Amino acid sequence: MPIRALDPQIVARIAAGEVVERPASVVKELVENSLDASASQISIEVRAGGVSIIRVTDNGAGIPPAEVGLAFDRYATSKIGSLEDLESISSLGFRGEALPSIAAVAQVDMVTCAAGEKVGTYLSLVGGTIVGRRSQGRSQGTTVTVRNLFRKVPARLKFLKSVATENSHIANVVSQYALAFPEVKFSLFIDGRVVLRTPGSGRLIDSTVEVYGVEVAGNMIELKGEATAPSPQVAGMVGSPSVSRSGWGYLSFFVNRRWVNSRLLARAVEEAYHGLLMAGKHPIAIINISLPAQEVDVNIHPTKSEVKFSNEHAVFSAVHRAVRQALAEQMPVPEVEAVAGESISPSPPRQAILTPIADTGYSPPPSLPTPAISLPVLRVMGQLDNNYIIAEGPDGLYLIDQHAAHERVLFERIEHQRSQREIEVQGLLEPMTLEVSPRQEAVLGSHCQELAEFGFAIEPFGDRTFLVRAVPALLYKKDWAGMLKELLDSLPEGDKGGWVEGVARSMACHSAVRAGQALTDAEMRELVRQLEQTATPNTCPHGRPTMIHLSSGQLKKEFGRT
Ligand code: ADP
Ligand code: MG
C-alpha cells in the first residue's frame, strides 16, 4: 500500500486509544474536567460497567455557548495558552484530548450552562461529529453523558473485563479523587445503587471513612507538615501497621492533587515501614505532595497518570521522612469496649488522627483529667427523633444524645476559655436591668466577680435590681436572664469551687443544641468530631451518658446469630 495520510476519523480513533483505555478512563477524564471547573459537587452514574452509560454531572463553571463546540475539537483547551504555561501546569487537564477522544469511541451528549448565562446549551455527537445542538435550561454546571462506549471498536470491547471488574476500576478512580478533594461532594451510583458518597466537608478523615470504612479510618495517622521546610510539602495520612493489607492497591499518591502512579513514592513509603509490617503485608497511605508546578513534569504520559520530578531525591526523602516520623510517634490504639455505664478498659490516649477543629482551634485544657477513655472514629448515618445521632463505629452502633454531647463539648470549651481568660464577651447595646428575688440578690451580690470571669458584666443597681452591660457571646442570642436566675436559685452562697463548675455547666446547658432540633448531616458530623476531641466524651457535665453503644457482638446476640 502506498504511503498516505490517514482519514481524520481513523486518526481520532487511534489517538483515542491512548486516552480511553477502559470505562474508568472516561470517568477519570470527566471527573478531572469537573474538578478543573471548580465544581463543589460531582455526581457520577454508570450502568453495565460503564459500557452502556456514564454520566458525570457537576456544578462547576460551565462552558459559554460560543465555546461548547470547540471543547470537542482535538487539542482545544481553555487551560493553557502558551509554551510557558506548559512548564507550570496547575490544572488537571491541559492536553485538550479527552472530550474528542471520548467522542471518537462513543455517543456523547453535553448540557452545560456557564455562570451568568440565562440558558444552557445541549450538544450531541455521534462518531465525533456534532449531530444536534439547541438551547436547553440548566443550572450552572455541566453534564456529560457517554453512551455505548466502544460499540464501534469491537477490539477494545473484547478486551474489557467483567462488569464487576470495570465497576471496581470506576469506583477506584472516584475514590481516589474523593480522597484528593475532600472539599468536594462526590456521589457515585453504579446501576442505580449508591456506592460512594462523600460529605465534601474538607476533612480528609471524612472522605477516608467513606472510602475505607471506619475501621481503617480509625487507624490512620496524620502526617505532620514541616512548617519551615522548603518544597516539597507532604500531607495526608498513613495506616498504622495494624491495618496493613495484602495488596499494593491501598497507596494513593497525589502530586499537587493530581492522582499519579509512582514507583518512587511507593518505595519511599515501603521503606518507611521497614521492620514494621509482616512479610507480604503492605501499608495504606493517602499522600499529597505539593511543590511548585515548575518542579514536576506532568506531560510525560497520555493519561497524565505519571509524572517526573526534577529533584527525585528531595521528593523521596521528604515522603520517607514524613511517614517514618508519623509512625515513630504513633501510640497503641486502645479498644473501646463499651460506653455509657458499662466498663471501659483503661488504655493509653489514642493517637490524635483527627485534624483539629478548624473553626474553634480548641484542644482540651491541660488542667482537666487526662483521658483514659476515647472514642473511635464514628461515621454519622442519620438522626433519630430529632434527638439522637445514629453513628457507625468499628464495633457496632452508637446512639448519641445531641444535647448531652453538645453540652459536654461546650462545658470543656467554656472551662478552658475561662482558665485562659479567653471567654468571648458580647456587650449589650443598651444595658439591661435584671430584677431578682431577695435570695437571688444575696447570691448574685457576692458573686459578680466570678460571673465576670465568664463574660457577664453585672453591677448592683439598688433595690433588688442589677445592671447587665455584657454577656458571654455564646449566650447573646439565648435566654441569658433565665439562665442567670436559674443559676442563682440552684447555687449555694459562698462556695466558689462549686460556683465555677456550676456556671460553666449552666452556660453549656443553655447554649447547647436542643433535643427536638433537626440537624443537617454536616452539623451532626461536626458535633461528633468535637465530641471526639473532648477529654471526657462519654458523659455530659451533669453525669448523664452522651451515648449508648450497641456492639456488633450484642447485635449478633440479640438477633440470635451466635
Ligand atoms: P482539557 O481538560 O485537557 O482542556 P478536554 O477535552 O478534557 O481537555 O476538555 C476541553 C475543554 O472543555 C476544557 O479545556 C474546558 O474548557 C471544557 N470543559 C470540559 N469539561 C468541562 C466541565 N465539566 N466544565 C467546564 N468546562 C469543561
Ligand atoms: Mg480534560
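Residues numbered from 1 in each chain as written. Chains lettered and ligands numbered in written order. Predicted model: local features only at pLDDT ≥ 70, side-chain atom pairs only at ≥ 80, totals over all residues. Heavy atoms only, no water.

K.L.:
For this particular structure, what's the right way to read the packing of helix 10 (residues 402-419) against helix 15 (residues 521-532)?
P.N.:
Axis angle and axis distance: for two packed helices, these are the angle between their axes and the distance between the axes, and together they describe the pair. For the pair helix 10 and helix 15, interaxial distance at closest approach is 9 Å and the crossing angle is 50°. Comparing the axis directions of helix 10 and helix 15 gives the class oblique. Relative to helix 15, helix 10 is oriented so that their crossing is left-handed. In this structure, helix 10 uses Gln402, Ala405, His406, Arg408, Val409 and Arg413 to contact helix 15, whose residues at the interface are Leu527, Gln530 and Leu531. Class assignment of the residues belonging to the contact of helix 10 with helix 15 gives a composition of four nonpolar, three polar and two charged. (Axes fitted to C-alpha atoms, helices over the stretch in contact; angles between N-to-C directions. Helix = DSSP H or I, 4+ residues; strand = E, 2+ residues; numbered from the N terminus. Parallel < 35°, antiparallel > 145°, perpendicular 65-115°, else oblique. Left-handed = near helix turned anticlockwise from the far one by under 90°. Contact = heavy atoms within 4.5 Å. Nonpolar A, V, L, I, M, F, W, Y, C, P; charged D, E, K, R; others polar.)

K.L.:
I tried to follow unusual backbone geometry on my own but got confused; where do I start?
P.N.:
Peptide bonds are mostly trans, and most non-glycine residues show a negative phi. Its identity is not glycine, yet Asn256 carries a phi of approximately 45°, on the positive side. Of note in this structure, Asp463 is not a glycine but carries a positive phi near 50°. Among the structural elements, Asp463 can be located in the loop between strand 20 (457-460) and strand 21 (465-472).

K.L.:
So what exactly am I meant to see when it comes to the side chain of Asn288 here?
P.N.:
Relative to the helices and strands, Asn288 is located in strand 13 (residues 285-290). A distance of 3.0 Å separates a polar atom in the side chain of Asn288 from the backbone nitrogen of Arg257. At 3.4 Å, the side chain of Asn288 forms a polar contact with the side chain of Ser290. Apart from the residues within four sequence positions on either side, Asn288 is in contact with Gln233, Val234, Ala235, Phe254, Val255, Asn256 and Arg257. (Polar contact = N/O pair within 3.5 Å; in protein donor to acceptor, adjacent residues only side chain to side chain.)

K.L.:
Help me out: how do you make sense of the sheet that holds strand 4 (residues 120-126) in this one?
P.N.:
Adjacent strands of a sheet pair through backbone hydrogen bonds, lying either parallel or antiparallel. Taken in spatial order, the eight strands line up as 5-4-3-6-2-1-7-8 in an open sheet, and their pairing is mixed. Of all the strands in the sheet, just strand 5 (129-136) and strand 8 (193-197) have a single pairing partner and so form its edges. If you compare each strand with its neighbour and ignore which way they point, the axes differ by 10° on average. As paired elements, strand 3 (residues 107-113) and strand 4 share five bridges and run antiparallel to each other. The residue bridging Thr112 from the neighbouring strand is Thr121, located in strand 4. Lying over the sheet, helix 6 (residues 163-180) contacts strand 1 (41-47), strand 7 (185-190) and strand 8, oriented at roughly 175° with respect to strand 7. (Pairing = 2+ DSSP bridges.)

Worth remembering: the numbers are spatial, not functional.
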